[in-house]
Amino acid sequence: MSRILEVENLRVDIPLESGTLHAVRDISFHVDKGETLCIVGESGCGKSLTSLALMGLLPTKAIRTANRLSLGGRDLKTLNETQMADIRGSRMAMIFQEPMTSLNPAYTIGNQLAEAMLRHRKVNPNEARERAIYLLEKVGITAAASRLGQYPHQLSGGLRQRVMIAMALMCGPDMILADEPTTALDVTIQAQILHLLANLQKEFEMGLVLITHDLGIVARVAHRVAVMYAGQIVEEGTVEDIFRRPMHPYTQGLLRCIPIPGKTARGAHLGSIPGMVPSLIGDLKGCAFANRCPHAFSDCNTTDVALRDASGGQRYRCLLSQEAATQNAREAATA
Amino acid sequence: MSAQTPILETKDLRCVFTVRQGLFKAKKPLAAVNGVSLQVRKGEILGLVGESGCGKSTLAKILLGLQDPTAGALLIDGKPSSSFSRIDIARRVQPIFQDPFSSLNPRKTIGDIISLPLRVHKLARRDEIRPKVLDIMDLCGLSKRFYESYPNQLSGGQRQRVAIARALIMRPELVICDEPTSALDVSVQSQILNLLTDLQKELNLTYILISHNLAVVEHMATHVAVMYLGRLVEQAPTDELFRNPRHPYTRALLDSVLTPEPGMGVPDSQLGAAFPNPIDPPRGCTFHPRCPKAMDICKQAAPTPIVSGAGADYDMVECHLYGPQEARAA
Ligand SMILES: Nc1ncnc2c1ncn2[C@@H]1O[C@H](COP(=O)(O)OP(=O)(O)OP(=O)(O)O)[C@@H](O)[C@H]1O
Ligand SMILES: Nc1ncnc2c1ncn2[C@@H]1O[C@H](COP(=O)(O)OP(=O)(O)OP(=O)(O)O)[C@@H](O)[C@H]1O
Ligand code: SF4
Ligand SMILES: [Mg+2]
Ligand SMILES: [Mg+2]
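Reading guide: rules and limits
- Residues numbered from 1 in each chain as written.
- Chains lettered and ligands numbered in written order.
- Predicted model: local features only at pLDDT ≥ 70, side-chain atom pairs only at ≥ 80, totals over all residues.
- Heavy atoms only, no water.
- Contact = heavy atoms within 4.5 Å.
- Buried area = accessible area lost by both parts, 1.4 Å probe.
- Salt bridge = Lys/Arg side-chain N within 4 Å of Asp/Glu carboxyl O.
- Core = buried A, V, L, I, M, F, W, Y, C linked by side-chain atoms within 4.5 Å.
- Buried < 20%, exposed > 50% of the residue type's maximum accessible area, 1.4 Å probe, protein only.
- Helix = DSSP H or I, 4+ residues; strand = E, 2+ residues; numbered from the N terminus.
- Pairing = 2+ DSSP bridges.
- Axes fitted to C-alpha atoms, helices over the stretch in contact; angles between N-to-C directions.
- Phe/Tyr/Trp six-rings, centres within 6.5 Å; stacked < 30°, edge-to-face > 60°.
- Near = heavy atom within 4 Å.
- Polar contact = N/O pair within 3.5 Å; in protein donor to acceptor, adjacent residues only side chain to side chain.
- Areas by Shrake-Rupley, 256 points an atom, 1.4 Å probe, with all protein chains shown as cover.
- Expected span 1.5 Å × (residues − 1).
- Nonpolar A, V, L, I, M, F, W, Y, C, P; charged D, E, K, R; others polar.
- Right-handed = clockwise from strand over helix to strand, strands pointing away.
- Parallel < 35°, antiparallel > 145°, perpendicular 65-115°, else oblique.
- Left-handed = near helix turned anticlockwise from the far one by under 90°.

Description of the interface of chain A and chain B
Right, so step 1: Taken residue by residue, the interface counts 48 residues in chain A and 54 residues in chain B.
Right, so step 2: When chain A packs against chain B, the two sides together hide about 4100 Å² of surface, and 57% of this comes from carbon and sulfur.
Right, so step 3: Three residues stand out in chain A for area buried against chain B, namely Val187, Arg220 and Arg266 of chain A, and they jointly supply 19% of the buried area on that side.
Right, so step 4: For the pair chain A and chain B, the number of links is two salt bridges.

What follows is the structure, encoded as C-alpha cells:
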C-alpha cells in the first residue's frame, strides 16, 4: 500500500479579539491509496477546518502550520496559490455539505462540470460533456443530458448534492475530502452515493477522507477512523477496533449515544455526554475531555496527555492504562 | 370529544405548486402533497419518513397552518381547521424545525425568542412573560443565565433546546418536529431525544417526527408513515412496520439503514436510479420505474390504499402486490 496523503502536526490558529483560537492542535494522520479514513467528533472540534487546511481554502485570517503536508509525495506547503488551485481542480477534490458553496448560480450544470476538466485535462468539449453525462448518471440523475442546461437553483437539494459529487469526480482525483456529503439526503440515496463513492474509490484507487457525525456511515465505509475532540485526535484505529474496543472515554461515550435497532428499548433514555467542550481559545491544561469524563482523576486536570499506543496500531489520548481502558471498553460494550 | 377522536386528521390532503422548469418554459403543476390521509391520536408519536423532496415538510407546513392546501380536509379535534383562528391552531400545534442556526433571530435575546409566540398572540401579561419563559427554559434544560444571551453564544444543542422551548411555551398538544436533530452531532442528538421523551411524558404531548434517521424513528415513534412522491405508501405501528415492511419502497428504506456494525459494507438497495420527476410523475404506481417487484399492472394503474385495523392498530399499504383479499387475510 502506498501513502497518498500525509499530514504531520497540522495546526490551525485563528486570531480573535479575545485571544487565539487553536482550532486544530497538532494533528497527524495519513491516507493510503484506496483507503477511507473517517473523521468523527463533537461539533466544533475542527473537522471542517482540517479539510479546508488541506485544500488551502481556510478563511483568510486563519493561520496554518504543519511539519508535513504531502499529497502523492508532493509538498503542499511550498505551493503557491496558482499551483494549489491546480491541485484542487485535478488531484484533490472536496465535497461540501452545502452544495451551493461550490456551485456557481450563474452557470449551467453542464458548463460547471465541463470547465474543471477542460482546464486540467487534455480533452475536447465533447469528451468533457460525455464524462459529465456518465458521472451524472452514476450519481443517480436521470435524463442526465437534459440536466446539463439547467442552473443550480432549478435542482432540489438532493440533486445539487449529487451534481457536486459528480463535479468532484470529473478529473479523476487521487484524493477526495468529503465533509458530511450525505447529511441532507434520505437513506436510500445516501446508500447509493456511498456505494458509488466506494466503487469509484476502489476502481481508481482514490484516497477518501470522510467527515461525518453518522456512526452508521463510519462503521460501513471506513477502513480507519480518527476521533477528534477539541482540535486534537483523541483516538485512531481500524474501524473494527474503534467500534469493538473503543479505548478513549469520549469514543465510548459517543457509541452509547446512538440508538441501536433491536437493542435500545423504545423511548428509553439514550446515553449522553453531559457538559460542554472547553473553550479553544488559549492553551488547554491537562486532558481536554477531563471536565466531561466519567473516569477522570486528579492528574487529568494537570498533566498533558499524549497519544499512546494500544495493540493493533490503535492509539488513544488518555492517562488511563491500556488495561483500565480495555476494561472500560468492555463495560461500555455490555452496558 | 371521545377518546377515539384523533387530535389531528387529514383527508385526501393535496398541495399543488406551479413551477417553471426553464426560463422560457410554461408553468407546470407539481403535486408536492398528493392525497394524504392520516390520523394522529393523543400521546402517539408518528414518525414520517420518505425520500428527500417527497413532500414531508410541505405536509408539515399545512398541518401547522403555514401553507394552504389546494384540496382536502384538515380536522383538528374532529373539527375543520377553518373553524379555528390562527391563535387557536398555534396553541394546539407548534413546530420545531431542523436548523437551530437559521431559525433563531441572531439579534434577539433568548428570552425574547422564546417569548415571541406569547407576545405575538398576546397570551400573557407583561409581568407574566419572564416567569413563564424561565419555567419552560428550566423544563428544557436551559440555564437561567441564558435569558439575556444571544443565539451565537450558545452551542448547537442549546440552540435546539431554545427552539423546543419556543414551541412549548404555547403549551401545544401536538408538536411537529421536522428533522429536529439532523444538524446536531450524536451526543447532542441523544440529549435532545431524551428531552423530547421526558417532555412527552411530563406534558402528555403528541409528536409528528419527520426524520431521515430510521434508527431515531424506530427508537422514538409509536407509528410510522412512509411517504413517496406526495403520497403515503405505507402506515403501520412501528414494531409492525420494522418487523414486516410491505411496500417495496419501505423495504428499500429499511435495507438502506446503515447500522453501526463495522465490516457490513454499504447495502445495495436495488432501487435503480430512475428518480422520478415530480413535475412529470410516472404513470400507474409512481414507484414502478424503481421497484424491484414491478408487474405489468403497476405501469398502467395506480394502486389504491389497502387498509386494515383501526385506531391505534390502523395500517395501510398502497401497492398492487397486496390485493384487498390478502390484506384482509393477513
Ligand atoms: N472563520 C472562523 N472564525 C472564527 N472561528 C472559526 C471560524 N471557522 C471556524 N471557527 C471555529 O473553529 C472551530 C472548529 O470549527 P470547524 O468548522 O472545523 O468544526 P467542525 O468540527 O467541522 O464542526 P461541525 O461538526 O459542527 O461541522 C470551532 O470552534 C469554530 O467555531
Ligand atoms: N414553494 C414551493 N414552490 C414550488 N415547489 C415547491 C415549494 N415548496 C416545495 N416544493 C417542491 O415540493 C416538493 C416537496 O418538497 P418538501 O420540501 O415538502 O420535501 P421534503 O420531503 O421535506 O424533502 P427533504 O427531505 O429534502 O426536506 C419538492 O419537489 C419541492 O421542490
Ligand atoms: S485522560 Fe482522564 S479525563 Fe481524559 S479521557 Fe482519560 S480518563 Fe478521561
Ligand atoms: Mg464541519
Ligand atoms: Mg423537508
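Details of the nonpolar core
Right, so step 1: Counting 112 residues, the largest nonpolar core has Leu5, Phe29, Met92, Leu113, Met175 and Val209 of chain A as its most contacted members.
Right, so step 2: The element best represented in this core is helix α6 (residues 157-169) of chain A, accounting for eight residues.
Right, so step 3: Contacts of Leu5 of chain A, omitting those with residues within four sequence positions, involve Phe29, His30, Val31, Leu54, Ser70, Leu71, Met175 and Val209 of chain A.
Right, so step 4: Ile164, Val188, Val233 and Ala236 of chain B belong to the second-largest nonpolar core, a separate cluster that totals 65 residues.

Thoughts on the sheet that holds strand β1 (residues 8-20) of chain B
All names here are of chain B.
Right, so step 1: Read across the sheet, four strands follow the order β2-β1-β4-β5 without closing on themselves; strand pairing throughout is antiparallel. Sheet topology places β2 (27-40) and β5 (79-80) at the edges, where each strand pairs with a single neighbour.
Right, so step 2: Relative to β2, β1 is paired through 11 bridges, and the arrangement is antiparallel. Residue pairing for β2: Arg14 is matched across the bridge by Asn34.
Right, so step 3: Relative to the sheet, helix α1 (residues 56-63) contacts β1, β2 and β4 (71-76), its axis offset from that of β1 by approximately 120°.

Looking at the packing of aromatic side chains
Right, so step 1: Taken as a whole, this structure holds six aromatic pairs over all chains when the rule is applied.
Right, so step 2: Taking 4.8 Å as the distance between ring centres and 55° as the angle between the ring planes, the aromatic pair formed by Tyr229 of chain A and Tyr250 of chain A counts as tilted. One end of the pair, Tyr229 of chain A, is in strand β10 (residues 224-229); the other, Tyr250 of chain A, is in helix α10 (residues 249-257), and 21 residues separate them in sequence. Each member of the pair Tyr229 of chain A and Tyr250 of chain A is classed as buried.
Right, so step 3: For the pair Tyr228 of chain B and Phe287 of chain B, a centre-to-centre distance of 4.9 Å together with 80° between the ring planes defines the contact as edge-to-face. In this pair, Tyr228 of chain B sits in strand β9 (residues 223-228) while Phe287 of chain B sits in the loop between α9 (248-256) and α10 (296-300), placing the two residues 59 residues apart along the sequence.

Section: the pattern of salt bridges
Right, so step 1: Scanning all chains against the criterion turns up 27 salt bridges over all chains.
Right, so step 2: Close ionic contact of Asp12 of chain B with Arg14 of chain B constitutes a salt bridge, the shortest N to O distance being 3.0 Å.
Right, so step 3: By relative accessible area, Arg14 of chain B is classed as partly exposed at 27%.
Right, so step 4: Each of the salt bridges in this network shares a partner with another, and the network as a whole consists of Glu35, Arg224, Glu236 and Arg315 of chain A.

What to know about the site of ligand 1
Residues and elements named next belong to chain A.
Right, so step 1: If you check the shell around ligand 1, you find 15 residues, and the closest are Ser43, Gly44, Lys47, Ser48 and Leu49.
Right, so step 2: A distance of 2.5 Å is found between an oxygen atom of ligand 1 and a side-chain nitrogen or oxygen belonging to Ser43.
Right, so step 3: A distance of 2.7 Å separates an oxygen atom of ligand 1 from a polar backbone atom of Gly44.
Right, so step 4: For ligand 1, whose unbound accessible area comes to 640 Å², protein coverage reaches 67%.
Right, so step 5: Secondary-structure elements contributing two or more residues to the shell around ligand 1 are β2 (19-32) and α1 (47-55).
Right, so step 6: For the shell around ligand 1, the element with the highest residue contribution is α1, accounting for three residues.

Some thoughts on helix α4 (residues 125-138) of chain A
It helps to recall that an α-helix has 3.6 residues per turn; residues three or four apart then point in one direction.
All names here are of chain A.
Right, so step 1: Compared with an ideal rise of 1.5 Å per residue, which puts 14 residues at 20 Å, α4 spans 20 Å between its outermost C-alpha atoms and is within 8% of the ideal.
Right, so step 2: Within the span of α4, buried status applies to Ala128, Ala132, Ile133, Leu135 and Leu136.
Right, so step 3: Here α4 starts with a cap whose side-chain oxygen sits 3.0 Å from the backbone nitrogen of Asn126, and that cap is Asn124.
Right, so step 4: Just beyond α4, the residue with positive phi is Gly140, at close to 85°.

Re unusual backbone geometry
Residues and elements named next belong to chain A.
Right, so step 1: The phi dihedral of Asp26 falls on the positive side, at around 60°, and the residue is not glycine.
Right, so step 2: In this fold, Asp26 is placed in strand β2.
Right, so step 3: On the accessibility criterion, Asp26 (34% relative accessible area) is partly exposed.
Right, so step 4: We note that Ala230 has phi near 50°; this positive angle belongs to a residue other than glycine.
Right, so step 5: For Ala230, a relative accessible area of 0% gives the class buried.

So, the site of ligand 3
Right, so step 1: Ligand 3 sits among His248, Pro249, Cys287, Phe289, Ala290, Cys293, His295, Ala296, Cys300, Cys318, Leu319 and Leu320 of chain A.
Right, so step 2: Across the shell around ligand 3, the residue classes tally to 10 nonpolar, two polar and no charged.

Examining α1 of chain A
All names here are of chain A.
Right, so step 1: The element α1 is extensively covered by neighbouring structure, given that eight of its nine residues are classed as buried.
Right, so step 2: Those residues of α1 that fall on the buried side of the exposure criterion are Lys47, Leu49, Thr50, Ser51, Leu52, Ala53, Leu54 and Met55.
Right, so step 3: Looking one or two places after α1, you find Gly56, whose phi comes out positive at around 70°.

Things to note about the pairing of strand β8 (residues 206-210) of chain B
All names here are of chain B.
Right, so step 1: Burial analysis of β8 places five of its five residues in the buried class, which makes it a mostly covered element.
Right, so step 2: Here strand β3 (residues 45-50) pairs with β8 via four bridges, running parallel. Each residue of the ladder has a partner; that of Leu46, found in β8, is Ile208.
Right, so step 3: Inspection of the sheet shows strand β7 (residues 174-178) paired to β8 by five bridges, in the parallel sense. Within β8, the residue paired with Asp178 across the bridge is Ile210.
Right, so step 4: Following the chain from β7 across helix α6 (residues 186-203) to the adjacent parallel β8, one finds a crossover that is right-handed.

Re the packing of helix α5 (residues 156-168) of chain B against α6 of chain B
All names here are of chain B.
Right, so step 1: Running from N to C, α5 and α6 point in directions that differ by 20°, and their axes come no closer than 10 Å. Classified by the angle their axes make, α5 and α6 are roughly parallel. When you trace α5 past α6, the crossing you get is right-handed. On the side of α5, the interface is formed by Gly157, Gln160, Arg161, Ile164 and Leu168, while α6 contributes Val188, Gln191, Ile192, Leu195, Leu196, Leu199 and Leu203.

Quick look at the sheet that holds β8 of chain B
All names here are of chain B.
Right, so step 1: Strand order in the open sheet made by the eight strands is β6-β7-β8-β3-β9-β10-β12-β11, with mixed pairing throughout. Only two strands of the sheet have a single partner each, and these edge strands are β6 (93-96) and β11 (306-308). Here the strands of the sheet are splayed against their neighbours by 20° on average, with no regard to which way each runs.
Right, so step 2: Here β6 runs beside β7; their pairing, made up of four bridges, is parallel. Counted as the bridge partner of Ile96 is Cys177 from β7.
Right, so step 3: Along the sheet, α1 makes contact with β3, β6, β7, β8 and β9, crossing β3 at roughly 145°.
Right, so step 4: Along the sheet, α9 makes contact with β3, β9 and β10 (231-237), crossing β9 at roughly 105°.

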